[in-house]
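# Remarks on the overall topology
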Amino acid sequence: MKNRKSVSLFVSMVFGAALTGAGVAHAATLSISCGAVGQELEFCKTGAEAWAKKTGNQVNLISTPNSATERLALYQQLLAAGASDVDVFQIDVVWPGILGNHFLDLAPYAKDVVKNHFAAIVQNNTVDGKLVAMPWFTDAGLLYYRKDLLAKHGAQPPQTWQELTDTAKKIQDAERAAGNDKMWGFVWQGRAYEGLTCNALEWVSSYNGGTIVDDKGKITINNPKAIAALDTAAGWVKTISPEGVLNYTEEESRGVFQSGNAVFMRNWPYAWPLAQGPESAIKDKVGVSALPRGGADGRHAATLGGWQLSVSKYSKNKELAADLVMYLTSAEEQKRRAIHGAYNPTIESLYKDADVLKAVPFFGELYDTFVNAVARPSTVTGAKYNQVSNEFWNAVHGVLSGRAKAQDSLAQLETSLKRMSRGGKW
Ligand code: GLC
């Protein structure tokens, strides 16, 4: 009797697993670490739950700090300890060279679909011939503006930073005089963290001041155009941007803009559906454009951002974890995330998908901004990228907060990067 019961239990377990189509005999619980900026966690959860239901497994979500810099520190701790607690890691586009050796080569799982993703991101995620992360979503810095306020004050979306500065000041002053004393001209990400590196790279690059370290490993940051770019940005603090911007990440900027208290905001695409959401004070009042050029001879520059999914080498369920990653990065899931969350697909054909373009028109209108986005020097500096970025954002933060002059700060930065690079070899 007893035996028969356990046999039937066994049969139903196998049968159950077969029915779910997972091709695995045991249901498992996986852990995935997801970002929690804006709607990230919610979208990760619905996607992971759909996979769990389909395959008869379970997924735990591990929420991470909003600052990419704090998130990296947490991952480094977990991975250095060889912890098996997290099976799937959401990693930043600048981390493959830093964390890659802790991750599984996903090439065998991705062989039929990898060609559908942007080649540059696949290349970025390939370290020593291994595909250490699957592209999940990409992004680039954008300029959000208040259509209604620009129209009211007879202004156009700015083409250069000087125009942005002038328009922001004019509208800010007029709105304050009319009674909105909380109004600011421009909010962005000025805290000393990775987000400031992204913002400042946009300023520098829009002045044709390079990318801190070039593709060959040469340190280029100490140049007059980069100095001019930082001087411009330093001029915003306490005039068109609150002093508090020096401690803003993405979500603090969005908070100010979305409650109706800023004319312009620099942010990533995720802010769009939230600004347009039912709880937003600025619904239907928002326009999105490319960031301004450095000057008449400058260019529109947006930093390339984005997130990937990796499977930990220390996972006890690597096959299943890879299956979850392939599900979450699939065209179907990327389409859902694009339409409802404005997460830019990494699958090129989705930029021609009518449903996607209808939901997020700027995916089409600003397509060039996304495909020509400026990469941070993470490939060439490899495992040292975070140290490079850390030196850069600290140098910039010193200038923005008035503690140092751009000229001195960039000269010092050049010296410390030279020391770090061992003569450009990195
Ligand atoms: C966004 C980008 C990411 C970048 C981060 C900085 O999340 O996608 O690449 O590092 O912002 O705050």
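If you're wondering where the values come from, they're calculated on a predicted model, not measured in any experiment. (Residues numbered from 1 in each chain as written. Predicted model: local features only at pLDDT ≥ 70, side-chain atom pairs only at ≥ 80, totals over all residues. Heavy atoms only, no water.)

With respect to topology, four strands assemble into an open sheet ordered β8-β9-β7-β10, the strand pairing being mixed. The sheet terminates laterally at β8 (184-187) and β10 (286-289), the two strands that pair on one side only. On average, each strand axis in the sheet is tilted by 15° relative to the strand beside it, whichever way the strands run. Bridge analysis of strand β7 (residues 142-146) against strand β9 (residues 262-267) gives four bridges, and the strand direction is antiparallel. Within the sheet, the bridge partner assigned to Tyr 145 lies in β9 and is Phe 264. (Pairing = 2+ DSSP bridges. Helix = DSSP H or I, 4+ residues; strand = E, 2+ residues; numbered from the N terminus. Axes fitted to C-alpha atoms, helices over the stretch in contact; angles between N-to-C directions.)

Around the ligand, the neighbouring residues are Asp 92, Val 93, Asp 139, Tyr 193, Glu 194, Gly 195, Glu 250, Trp 268, Gly 305, Gly 306, Trp 307 and Arg 376. Separating an oxygen atom of the ligand from a side-chain N or O atom of Asp 92 is a distance of 2.5 Å. A distance of 2.9 Å separates an oxygen atom of the ligand from a polar atom in the side chain of Asp 139. Against a free-state accessible area of 310 Å², the protein chains account for coverage of 93% of the ligand. Of the pockets mapped on this structure, the ligand occupies the largest cavity. It is strand β11 (residues 304-311) that contributes the most residues to the shell around the ligand, three residues altogether. Residues of the shell around the ligand, tallied by class, amount to four nonpolar, three polar and five charged. Counting only domains with at least three residues in the shell around the ligand, you end up with domain 1 (2-132 + 305-371) and domain 2 (142-303 + 377-421). (Near = heavy atom within 4 Å. Polar contact = N/O pair within 3.5 Å; in protein donor to acceptor, adjacent residues only side chain to side chain. Areas by Shrake-Rupley, 256 points an atom, 1.4 Å probe, with all protein chains shown as cover. 1 Å grid on protein atoms, 1.4 Å probe; cavity = no way out; pocket = protein on both sides within 12 Å on 5 of 7 lines; lining within 4 Å. Sits in = over half its atoms within 2 Å of the grid points. Nonpolar A, V, L, I, M, F, W, Y, C, P; charged D, E, K, R; others polar. Domains from an automatic or database assignment.)

Grouped burial of nonpolar side chains is what soluble globular proteins tend to show. By size, the foremost hydrophobic cluster in this structure holds 79 residues, and its most contacted members are Trp 203 and Ile 221. Of the residues forming this core, the biggest block, seven residues, is contributed by helix α19 (residues 385-400). Split by domain, this core shows at least three residues from each of two domains, domain 1 (2-132 + 305-371) and domain 2 (142-303 + 377-421). Leaving out residues up to four positions away in the same chain, Trp 203 has contacts with Trp 161, Trp 188, Leu 196, Ala 229, Leu 230, Ala 233, Trp 236, Val 396 and Leu 400. (Core = buried A, V, L, I, M, F, W, Y, C linked by side-chain atoms within 4.5 Å. Buried < 20%, exposed > 50% of the residue type's maximum accessible area, 1.4 Å probe, protein only. Contact = heavy atoms within 4.5 Å.)

What follows covers the pairing of β10. Residue alternation in β10 divides its side chains into two sets, Val 286 and Val 288 and Gly 287 and Ser 289, and both sets are buried. Strand direction decides the pairing type here: β7 and β10, joined by four bridges, are antiparallel. Pairing of Arg 146 across the sheet is with Val 286, part of β10.

Attention now goes to the environment of Lys 170. Its location among the elements puts Lys 170 in helix α8 (residues 161-177). For the pair Lys 170 and Thr 197, spaced 27 residues apart in sequence, the C-alpha separation works out to 28 Å.

To continue, consider the environment of Ala 338. With respect to the helices and strands, the residue Ala 338 is situated in helix α14 (residues 331-341). On the basis of relative accessible area, Ala 338 is assigned to the buried category, the value being 0%. Apart from the residues within four sequence positions on either side, Ala 338 is in contact with Tyr 343, Pro 345, Val 356, Val 360 and Phe 363.

What links the strands of a sheet is backbone hydrogen bonding, and the strands pair in either a parallel or an antiparallel sense. Read from one edge to the other, the open sheet built from five strands follows the order β2-β1-β3-β11-β6, with strand pairing classed as mixed. Here the strands that pair on one side only, and so sit at the sheet edges, are β2 (58-63) and β6 (134-140). Neighbour-to-neighbour, the strand axes of the sheet open up by a mean angle of 20°, direction not taken into account. When strand β1 (residues 29-34) meets β2, the two strands line up parallel, connected through six bridges.

Looking now at the packing of aromatic side chains. Evaluated as defined, the whole model comprises 22 aromatic pairs. On the basis of an interplanar angle of 70° and a centroid distance of 5.6 Å, the ring pair of Phe 43 and Tyr 343 is categorised as edge-to-face. Here the residue Phe 43 occupies a position in helix α2 (residues 40-55), and Tyr 343 occupies one in the loop between α14 and α15 (354-359), the gap between them amounting to 300 residues. By relative accessible area, Phe 43 is classed as buried at 7%. (Phe/Tyr/Trp six-rings, centres within 6.5 Å; stacked < 30°, edge-to-face > 60°.)

Mapped onto the fold, Asn 180 is located in the loop between α8 and β8. The class of Asn 180 is partly exposed, set by a relative accessible area of 24%. Sequence-wise, Asn 180 and Gly 260 are 80 residues apart; in three dimensions their C-alpha atoms are separated by 9.8 Å.

Take the state of the cysteines next. The tally for this structure, following the rule as stated, stands at one disulfide. A sulfur-sulfur separation of 1.9 Å characterises the disulfide bridge that pairs Cys 34 with Cys 44. Here Cys 34, found in strand β1, pairs with Cys 44, found in helix α2; they are 10 residues apart in sequence, far enough to count as distant. A relative accessible area of 0% means that Cys 34 is categorised as buried. Cys 44 gets classed as buried once you look at its relative accessible area, which sits at 0%. As a non-bridged cysteine, Cys 198 has Cys 34 as the owner of its nearest cysteine sulfur, 20 Å distant. Judged by its relative accessible area of 3%, Cys 198 is buried. (Disulfide = S-S within 2.5 Å.)

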